[in-house]
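Observations on chain architecture
Each chain, letter by letter, is given below.
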Amino acid sequence: MIIEQIKTHLKDVNDFQSTESQEIQNFRQNYLGKKGILNSLFASFRDIPNEEKKEVGKWINDLKVAVNEKVDSLQNSVAPKTSNTKNDEDLSKTPFPFPVGARHPINIVIDKINTIFSRIGYSVVEGPEIEDDWHNFTALNFTENHPARDMQDTFFVEKDMNSLLRTHTSSVQIRHMKDNQPPMRILSPGRVFRNEAISARSHCIFHQIEGLYIDKNVSFADLKNTLQYFTKALFGKSKIRLRPSYFPFTEPSAEVDVYWGLETETDYKITKGTGWLEIIGCGMVDPNVLENCNIDPDKYSGFAFGMGIERIAMLLYQIPDIRMFYENDIRFLKQFSTEV
Ligand code: DAH
């Protein structure tokens, strides 16, 4: 009976032992070679009655599996191959792909905003991070005892409290107006510093972007249109509202809310159920500020606006914690590698 034959072969296979490479090869050849046992078993398979084919087929297959397993396990225990794998490496291969860095989300957002405003004639002007009291406060119409000058908010560099880390990018307006005459349209992105407790929502170092437009006959309507153009271009949302507010350097001043919508659960969360998000501070430049910079307020008027970059990046990319921007965790950063 063929099954009896196969059982004997199986026993032989299981009993076979060797550590000699050549012997193992011969064993393999004996079973799996062209004229080997398995092929002759397959050949006689044709003559097996149909009703037995299934069972016999299974035994033949078991034998084949057993031979392969035996060969594999014996070859593994034979001394390792002597070939030098180093010589197998292709030295002409290029090193690609190598890891490429990603742009930081803060820079991505700054560039997006710069591009949007450059289309309507704004150019980028930067200023120093270490400022003096005059550019950061006095010229911007902060009265002497204004709470923002308080030690709570400002990091001072010198004991005399004249040299400080700028608390906002509005200081760049002053520098530009001092050195230039209208018309002017500038955008000033940069890092700012405030002595604030670090949490998921605020940090002592963050970024702002400042806008300034001074010319003859600039009106509040121009300000509103400009901001509407901007929110549409950046977020795809043009429904905004301006709420009266106060800044020492603008009069009147306003806070700008964008209608974000209430379509998703996240929308509810980030807008506290109102649908509205506050993103910009703005106003008409106070005549005192123009005068401080030797610009004639009877001839010229203008508007200014400022916003926090981190907040915008958090909205655009659904980043839940401001501290993620500064941790340099590669898993966070590489998610922006496809952004341009
Ligand atoms: N400097 C303000 C801040 O840090 C933001 C701001 C508000 C800037 C109104 C402006 C403005 O230019 O007009 O909170």
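Residues numbered from 1 in each chain as written. Predicted model: local features only at pLDDT ≥ 70, side-chain atom pairs only at ≥ 80, totals over all residues. Heavy atoms only, no water.

Points about the overall build of the protein chain
On a plain count of helices and strands, the protein chain comes out with 13 helices and nine strands. Here the C-alpha radius of gyration of the protein chain, 38 Å, is well above what a compact globule of 340 residues would show, namely 20 Å. Along the longest, intermediate and shortest principal axes, the C-alpha atoms of the protein chain span 115 × 45 × 35 Å. Every one of the 340 residues in the protein chain was classed for burial, and the buried ones make up 42%. Here the protein chain holds 40 positive side-chain charges and 47 negative ones, and the gap between their average locations is 7 Å. (Helix = DSSP H or I, 4+ residues; strand = E, 2+ residues; numbered from the N terminus. Rg over C-alpha atoms; globule rule 2.2 N^0.38 Å. Buried < 20%, exposed > 50% of the residue type's maximum accessible area, 1.4 Å probe, protein only. Lys, Arg positive; Asp, Glu negative; His and termini not counted. Charge placed at Lys NZ, Arg CZ, Asp CG, Glu CD.)

Things to note about the sheet that holds strand 8 (residues 276-285)
Overall, mixed pairing links the seven strands, which are arranged 1-4-5-9-8-7-6 in an open sheet. The strands lining the two open edges of the sheet, one partner per strand, are strand 1 (123-124) and strand 6 (240-247). Pairing analysis gives eight bridges linking strand 7 (residues 250-259) to strand 8, with the strands arranged antiparallel. Paired with Val-256 across the bridge in strand 8 is Ile-280. In the packing of helix 8 (residues 170-179) onto the sheet, the strands contacted are strand 4 (184-193), strand 5 (205-215) and strand 9 (301-308), and the crossing angle to strand 5 comes to about 40°. (Pairing = 2+ DSSP bridges. Contact = heavy atoms within 4.5 Å. Axes fitted to C-alpha atoms, helices over the stretch in contact; angles between N-to-C directions.)

Digging into the site of the ligand
Residues in contact with the ligand amount to 15 residues; listed here are only the nearest, Ser-170, Arg-194, Gln-208, Glu-210 and Ala-304. Side-chain polar atom of Gln-208 to an oxygen atom of the ligand: 2.9 Å apart, as the coordinates give it. With respect to the ligand, the side chain of Glu-210 contributes an N or O atom lying 2.5 Å from an oxygen atom. Starting from 360 Å² of accessible surface for the ligand in isolation, the protein chains cover 88%. (Near = heavy atom within 4 Å. Polar contact = N/O pair within 3.5 Å; in protein donor to acceptor, adjacent residues only side chain to side chain. Areas by Shrake-Rupley, 256 points an atom, 1.4 Å probe, with all protein chains shown as cover.)

Section: the environment of Glu-23
Among the secondary structure elements, Glu-23 is positioned in helix 2 (residues 21-32). With relative accessibility at 42%, the residue Glu-23 sits in the partly exposed group. Spatially, the C-alpha atoms of Glu-23 and Gly-302 are 94 Å apart, while their sequence positions differ by 279 residues. In contact with Glu-23, other than residues within four places in its own chain, are Phe-16, Gln-17 and Ser-18.

Digging into helix 3 (residues 37-45)
Of the positions making up helix 3, those classed as buried are Ile-37, Leu-38 and Leu-41. All buried residues of helix 3 fall inside an arc of 95° around its axis, so they share one side. If you follow the buried residues of helix 3, they end up packed against helix 1 (2-15), helix 2 and helix 4 (50-77). (Arc of directions from axis to C-beta.)

Notes on the packing of helix 6 (residues 105-118) against helix 9 (residues 220-235)
Direction vectors running N to C along helix 6 and helix 9 enclose 130°, while the axes themselves pass 10 Å from each other. With respect to helix 9, the axis of helix 6 lies oblique. Considering how the two elements wind past one another, helix 6 and helix 9 form a crossing that is right-handed. Contacts from Lys-112, Ile-113, Ile-116 and Phe-117 of helix 6 reach helix 9 at Thr-226, Tyr-229, Phe-230, Ala-233 and Leu-234. Its residues assigned to classes, the contact of helix 6 with helix 9 shows seven nonpolar, one polar and one charged. (Parallel < 35°, antiparallel > 145°, perpendicular 65-115°, else oblique. Left-handed = near helix turned anticlockwise from the far one by under 90°. Nonpolar A, V, L, I, M, F, W, Y, C, P; charged D, E, K, R; others polar.)

A short note on the side chain of His-207
Residue placement: His-207 occurs in strand 5. Here Glu-310 takes part through its side chain, which lies 2.7 Å from a polar atom of the side chain of His-207.

Focus: the pairing of strand 6
Two strands pair when backbone bridges link them, and strand 6 and strand 7 are joined in this way by seven bridges, in the antiparallel orientation. Looking at strand 7, one finds that Arg-243 is bridged to Glu-255. Count of turn residues in the strand 6/strand 7 antiparallel hairpin: two residues.

Digging into the pattern of salt bridges
A complete count under the given rule lists 11 salt bridges for this structure. A salt bridge links Asp-62 to Lys-58; the nearest nitrogen and oxygen atoms lie 3.2 Å apart. Here Asp-62 pairs with Lys-58, and both are found in helix 4, just four residues apart, close to one helical turn. One salt-bridge network, in which partners are shared between bridges, spans Arg-241, Arg-243, Asp-257 and Glu-278. (Salt bridge = Lys/Arg side-chain N within 4 Å of Asp/Glu carboxyl O.)

Description of the domain arrangement of the protein chain
On domain assignment, one finds that the protein chain holds domain 1 (2-78) and domain 2 (105-336). Centre-to-centre separation of domain 1 and domain 2, based on C-alpha positions: 80 Å. (Domains from an automatic or database assignment.)

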